[in-house]
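# An overview of the molecular structure
What follows is the residue order along each chain.
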Amino acid sequence: MRRAYLTIFILLGTVSLVFAENQPLRFAPHWLPQAQFAGFYVASDQGFYEEAGLDVEIIHPTANINVIDYLEQGTADVISQFLITAITGRDRGVNMVNIAQFSQHSAILFVSKKSSNINTLDDFDGKRIGVWRGGFREAPMAMIMDHDLEVEWVPILSTVNLFLEDGVDLMTMMWYNEYNQIYLSGLERDELNTFFLSDYGFDVPEDGLYTLKTTREERQEDLQAFTEATLQGWQYAAENRDYTVELVVEKMREAHIPANEAHQRWMLDKVLEMQQPGDKDVVPGELHPDDFRMAVNILQERGMLERKACDYNNFFMPVLPGIQ
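A brief look at the structure comes next. (Residues numbered from 1 in each chain as written. Predicted model: local features only at pLDDT ≥ 70, side-chain atom pairs only at ≥ 80, totals over all residues. Heavy atoms only, no water.)

## With respect to empty space enclosed by the protein
So the rule is basically this: The distinction between a cavity and a pocket rests on a 1 Å grid over the protein atoms alone: a 1.4 Å probe fits inside a cavity but cannot get out, while a pocket stays open yet meets protein on both sides within 12 Å along at least five of seven lines, and a residue with an atom within 4 Å of a point counts as lining. Grid points are joined across faces, edges and corners, and a volume is the space filled by probe spheres set on the points. Three classes are used, and their members are as follows: Ala, Val, Leu, Ile, Met, Phe, Trp, Tyr, Cys and Pro are nonpolar, Asp, Glu, Lys and Arg are charged, and the others, Gly among them, are polar.
Per the counting criterion, the structure on display carries four cavities of 30 Å³ or more. In this structure, the largest cavity encloses a volume near 120 Å³. Looking at the largest cavity, it is lined by 14 residues, and the ones nearest its centre are Gln-36, Ser-103, Asp-207, Val-271 and Gln-275. Residues of the lining of the largest cavity, tallied by class, amount to seven nonpolar, five polar and two charged. The computed volume of the second largest cavity comes to approximately 90 Å³.

## A few points about the sheet that holds strand S8 (residues 128-132)
Which entries qualify depends on this criterion: Pairs of strands are assigned from DSSP output, requiring at least two bridges between the strands. Strands here mean DSSP runs of E at least two residues long; helices mean DSSP runs of H or I at least four residues long; both are numbered from the N terminus. To obtain each axis, a line is fitted to C-alpha atoms, and for helices this fit is confined to the stretch in contact; angles are then taken between N-to-C directions over 0 to 180 degrees. The contact rule is simple, with two residues in contact once any of their heavy atoms fall within 4.5 Å.
Sheet architecture is open: five strands sit in the order S9-S8-S10-S7-S11, paired in mixed fashion. Since the sheet does not close on itself, it has two edges, and those belong to strand S9 (152-156) and strand S11 (192-196), each with one partner. Put simply, the sheet's adjacent strands are angled 30 degrees from each other on average, direction ignored. Sheet topology places S8 next to strand S10 (residues 170-174); two bridges connect them, and they run parallel. Pairing of Gly-130 across the sheet is with Met-171, part of S10. Across the face of the sheet, helix H5 (residues 138-146) comes into contact with strand S7 (108-113), S8, S9 and S10 while running at roughly 65 degrees to S7.

## Looking at helix H9 (residues 220-239)
Counted only if it meets this: A helix is expected to reach a length of 1.5 Å times the quantity of its residues less one. Only protein chains enter the accessibility calculation, which uses a 1.4 Å probe. A residue is then buried if its area is under 20% of the maximum for its type, exposed if over 50%, and partly exposed in between.
Its 20 residues give H9 an end-to-end C-alpha distance of 29 Å, which sits within 8% of 28 Å, the value for a rise of 1.5 Å per residue. Looking at H9, one finds that the buried residues are Asp-222, Leu-223, Ala-225, Phe-226, Thr-227, Ala-229, Thr-230, Gly-233, Trp-234 and Ala-237.

## Description of the layout of surface pockets
By volume, the largest pocket is sized at about 420 Å³. In terms of lining, the largest pocket is formed by 19 residues, of which the most central are Ser-158, Gln-181, Met-252, Ile-257 and Pro-258. Its residues assigned to classes, the lining of the largest pocket shows eight nonpolar, ten polar and one charged. Here the second largest pocket is characterised by a volume of approximately 310 Å³. Classifying every residue of the lining of the second largest pocket by side-chain character gives nine nonpolar, six polar and one charged.

Without other data, these values stay purely geometric and don't point to any function.
Here it is as structure tokens:
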């Protein structure tokens, strides 16, 4: 935690008191401001970080930046990231570790219009698929490779316009985000075909907290306090959803991002659903070893890792008490 140290200087008979404080904790979510990160905003707004003795600064990247770069460059001390993307970051030499796993399921899906006659996975062959430019593409690409499909990947930023205007045949989406954006844009749900990665053996958990291993060693007390306060923020968000949606919309407007309360409410509800373990034997903040092995195997078996995969115990280094 942030601690103040008292230093006494005696100069020419005068006693000077100097307080020196630890540096702030800089946290970078892996996407633009939205309800996906509501627990962090609530923890800050409700003073949970301050009560924990922390000075937390939240720094959002732009849509074309992989937030792992912020960690590697020292711009952020802690980031959120998808599990499978974090493993590829570790593979390219960023010595990052998972200190808490919030999401327990995958929310990624492919979506097509029924009018396009793309009704099965086989119909993907030869089609143009929109995929995020700023990361998060490993699981969708692995699923396509797994079914020996030849597709054209079209990089997108954060808009669904290319899909709406038939610039792509399908699009990778998040259940809590782009899928609902399409509905709000005028397409009815019964006009769409959905292909959830979780239904095809790719239910890889997503949002977790990551830091460099050296930071984990040097600031464990701060990181524990940050994680506990963030979980408190998520709990408060779940119990106070009207307030939370208002807070999220405020954060989005401060960042000059178009905000829709109905969409952010949908997102908050779905993100909270993704945090539920279901039939998994895990506690909040825990990464199940089977999920880690699944993510590694998906990448290894498809040649998406260059190095020997890291060991679970060297990758998941929790800071919460009671999690091994």
